[in-house]
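Notes for the structure review
These are the residues of each chain, in order.
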Amino acid sequence: MSVVCIGIGDAVMGCRTLGPNGEVIKETKAHWDHNPKGGAVAIWTTDGETDEPEAPLEVYGDWDAAHYLARVLELLHPRRQINVPDLKGMILAADRDGYGLCDYCQRCGYDCRDCIITEWKEEGHDE
């Protein structure tokens, strides 16, 4: 049995400094540290018997809920249909039919830079 774990913390990028001949002079590994005020969400699974991690952490920005929540659902393997609608499909269908959800957002002053709807629309209507 696996246990799905979710935590909030700080993601720290690794760094490698090479010398003139390509040798590693200094290296720090990338890591995630638990911090209730952090800006990164980590997801991992552990063995239910030993509490040992089964795979490396998957780290997401705390703003990227569409991706990390989808991953949590994927790891949970629900056996029945879940009560989360296919928002991506609904929004793309509305866009195909000419309903401009993005027009509404722009009128209200929202920024498209990090919007999941913009990402879905950029992927296209192939799905």
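Residues numbered from 1 in each chain as written. Predicted model: local features only at pLDDT ≥ 70, side-chain atom pairs only at ≥ 80, totals over all residues. Heavy atoms only, no water.

With respect to the environment of Val24
Structurally, the position occupied by Val24 is in strand 3 (residues 24-28). When the C-alpha positions of Val24 and Thr50 are compared, they lie 35 Å apart, and in sequence the two are 26 residues distant. With near-sequence residues (within four places) excluded, Val24 lies in contact with Arg16, Thr17 and Leu18. (Helix = DSSP H or I, 4+ residues; strand = E, 2+ residues; numbered from the N terminus. Contact = heavy atoms within 4.5 Å.)

Notes on the environment of Leu69
Tracing the sequence through the fold places Leu69 in helix 1 (residues 65-76). You can call Leu69 partly exposed: its relative accessible area is 47%. Along the chain, Leu69 and Cys105 lie 36 residues apart, while their C-alpha atoms are 23 Å from each other. (Buried < 20%, exposed > 50% of the residue type's maximum accessible area, 1.4 Å probe, protein only.)

Some points on the sheet that holds strand 5 (residues 40-47)
With antiparallel pairing, the four strands of this open sheet are ordered in space as 4-1-5-6. With partners counted over all chains shown, the strands left at the sheet margins are strand 4 (31-34) and strand 6 (58-61), one partner each. Pairwise comparison of adjacent strand axes, ignoring direction, gives a mean angle of 45° for this sheet. Pairing geometry for strand 1 (residues 2-12) and strand 4, over four bridges, is antiparallel. In the sheet register, Asp10 faces strand 4, and the bridge partner there is Asp33. The strands touched by helix 1 within the sheet are strand 1, strand 5 and strand 6, with strand 5 carrying the most contacts at an inclination of about 10°. (Pairing = 2+ DSSP bridges. Axes fitted to C-alpha atoms, helices over the stretch in contact; angles between N-to-C directions.)

Digging into helix 1
Counted at 1.5 Å a residue, the expected span for helix 1 with its 12 residues is 16 Å, and the 16 Å between its end C-alpha atoms agrees. Of the positions making up helix 1, those classed as buried are Tyr68, Arg71, Val72 and Leu75. Buried residues of helix 1, viewed axially, fall in a sector of 100°; they line one side. Contacts made by the buried residues of helix 1 are with strand 1, strand 5 and strand 6. Phi turns positive, to about 50°, at His77, one or two residues after helix 1. (Expected span 1.5 Å × (residues − 1). Arc of directions from axis to C-beta.)

Quick look at the packing of helix 2 (residues 87-96) against helix 4 (residues 116-123)
Running from N to C, helix 2 and helix 4 point in directions that differ by 65°, and their axes come no closer than 10 Å. Judged by the inter-axis angle, helix 2 sits roughly perpendicular to helix 4. Crossing handedness for the pair helix 2 and helix 4: right-handed. For the pair helix 2 and helix 4, contact is made by Leu87, Lys88, Ile91, Leu92 and Asp95 and by Ile117, Trp120, Lys121 and Glu123, respectively. Class assignment for the residues of the contact of helix 2 with helix 4 results in five nonpolar, no polar and four charged. (Parallel < 35°, antiparallel > 145°, perpendicular 65-115°, else oblique. Left-handed = near helix turned anticlockwise from the far one by under 90°. Nonpolar A, V, L, I, M, F, W, Y, C, P; charged D, E, K, R; others polar.)

What is shown is where atoms sit, not what they do.
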